[in-house]
Amino acid sequence: MRHLVILGGGTAGTMIANKLRRRLRTDEWAITVVDRDDEHHYQPGYLFLPFHAYSRDEIVRSRHRFIADGIRLVYDEVDRVSPTDRTVHLGSGHTLGYDYLVIATGTTPRPDQTPGLLGAEWRRSIFDFYTLEGAQGLSEALDTFDHGRLVVHIAELPIKCPVAPLEFTFLAEAWLRARGLRDRVELVYVTPLDGAFTRPVASARLGGMLAERKIDLVTDFMVERVDPDRKVLVSYDEREVAFDLLVTVPVNMGADFVARSGLGDELQYVTVDKYTLVHPAYDTIFAVGDASNIPTSKAGSVAHFSTDVFVRNFLEHVEGRPMTESFDGHANCFVESGDDKALLLDFNYDTEPLPGRYPFPLVGPLSLLEESRANHLGKLAFRHLYWNVLLPGRPVPLPAHMSLIGKRAPHSEEARP
Amino acid sequence: MTTTTIDGRTVHVNDEGFLTDPAEWDEGLATTLATRIGIELTDEHWKAIRFLRDDYAVQGETATLRRISTVGGVPVKTLFQLFPQKPAKKLAYVAGLPKPHGCV
């Protein structure tokens, strides 16, 4: 009997377990999923909590309900992995031997990494919205916030769902406008990047949307510390941004056991080959989803597209055959822009987000890099697709690889560092 | 992609002036590139530049500020003093490497 152990029962781990359970014979393979609790969170929903668009029940479900029969689910912490003797040491002291290991423990916001962030103002005038508690606390804070400086801030990249802070900003602007408070609030977007977003075409488009909404953009701001007494962000080059209400995206890091096991990079993301997701030193270890160090978005769409590629490769790999599929870094993200509209971005390792149509090139019905109500409805509909189709590992009629058909790249501008 | 002449040598650059072939770089070129953006290189600059070059040779990616700090031993604070305002971009420019992937 061979044993596949999957660390993490989130988006990637659950999809992989369910897909592979159907493909691997039950008399030949045991599958175990390890997670610390029985709460599966639909994380894209956090964004809407502060604006009362979703309730907790729509976001949190029982984890075990989404894990198919024939898969063992173990609730425990992971202490470390010993790759040479293929053993997982659990927090309880138990061990799990494996033939193959998939690390899908995601990425976690770490406010402890920025001095002052967890000081006296944490969850009083400083909130994150990448945790349920943070988003709920922010919801209460926004209800009573009626004037002053609202600062949205990214500590360092990469972060989970890199468009979410922009979406939060657009939604906050629309929310304040709807409540007649927009003129009494100064909105500021603070980023370590040199523009609103990473790649040029999307950065220009999204930066333009910030300007249209009279949201100040502070770039190249790498936070060193937060001064809770004076309520300012301080950068490494001694610049300061004052806030009355700070919505921060803390430094994101992979799980601590990844570092303890010697499997990760400086942010504790598991080092893998970006096309096959296999660890370069151990061909029995894969990392899928946010937990890996592949250079694309940390996003559910990447987990989904890469899972399709991973499953086909894994079946070849365990038979001793070469892996024939190659992941292209494909990601797509809906970007809520307020007033019940959204944009859609579609990109991969080599091609930045460009205008075009999706999922059918030239036809759509969704338009890329343009605001539309259809995109917004697509984003809302996605929650049902997530619980009912994606997690159970049912086929989704979207191609894993990105299409270039119908996309056009505007000419890039001359620039100097 | 175009070519340009630096120190009497023809090198390949992108539209932002970054070298596109790391093999065309040498330490003399770094001094000239640094001068172009108003930086005079000291030993401390060189420590960061050499780490970036060595790390790129192994990893195939330009190191982030965090990596230069935690692995290369040059604190982020120092990097901002050595290469003001945009240390990641300026350092890559001087070291003849691609801009670090602002991971999308």
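Residues numbered from 1 in each chain as written. Chains lettered and ligands numbered in written order. Predicted model: local features only at pLDDT ≥ 70, side-chain atom pairs only at ≥ 80, totals over all residues.

## A short note on the confidence of the model for chain A
On average, residues of chain A carry a pLDDT of 94, and 98% of them reach 70 or more. Note that residues 412–417 of chain A has pLDDT below 50 and, in this model, 13 contacts with residues that lie over four places away or in other chains. (pLDDT = per-residue confidence, 0-100. Contact = placed C-beta atoms within 7 Å.)

## Side note on the sheet that holds strand S17 (residues 240–242) of chain A
Residues and elements named next belong to chain A. Strand order across the open sheet formed by three strands is S15-S16-S17, with antiparallel pairing between neighbours. Edge strands, defined here as strands with exactly one partner in the open sheet, are strand S15 (223–227) and S17. Across this sheet, the average inter-strand angle for adjacent strands is 20 degrees, counted without regard to direction. Bridge analysis of S15 against strand S16 (residues 232–235) gives four bridges, and the strand direction is antiparallel. Residue pairing across strands places Arg 225 opposite Val 234, the latter belonging to S16. (Pairing = 2+ DSSP bridges. Helix = DSSP H or I, 4+ residues; strand = E, 2+ residues; numbered from the N terminus. Axes fitted to C-alpha atoms, helices over the stretch in contact; angles between N-to-C directions.)

## Brief notes about the domain arrangement of chain A
All names here are of chain A. Examined at the domain level, chain A breaks down into domain 1 (2–44 + 57–109 + 253–317), domain 2 (111–249) and domain 3 (332–390). Facing seven residues of domain 1, the contacting portion of domain 2 comprises 11 residues. Class assignment for the residues of the side of domain 1 that touches domain 2 results in two nonpolar, three polar and two charged. (Domains from an automatic or database assignment. Nonpolar A, V, L, I, M, F, W, Y, C, P; charged D, E, K, R; others polar.)

## As for the pairing of strand S24 (residues 364–368) of chain A
All names here are of chain A. Here strand S23 (residues 356–360) runs beside S24; their pairing, made up of five bridges, is antiparallel. In the strand pairing of S24, Gly 356 is matched with Leu 368. In sequence, S23 turns back onto S24 through a hairpin of three residues, with Leu 362 there showing a positive phi of about 70 degrees.

## Remarks on the nonpolar core
Counting residues in each nonpolar core, the largest one holds 134 residues, and the members touching the most others are Ile 16, Ile 103 and Val 288 of chain A. Every residue in contact with Ile 16 of chain A, bar those within four places of it in the chain, is listed here: Ile 6, Val 102, Ala 104, Val 288, Thr 307, Phe 310 and Val 311 of chain A. (Core = buried A, V, L, I, M, F, W, Y, C linked by C-beta atoms within 7 Å. Buried ≥ 20, exposed ≤ 12 C-beta atoms within 10 Å, placed from the backbone.)

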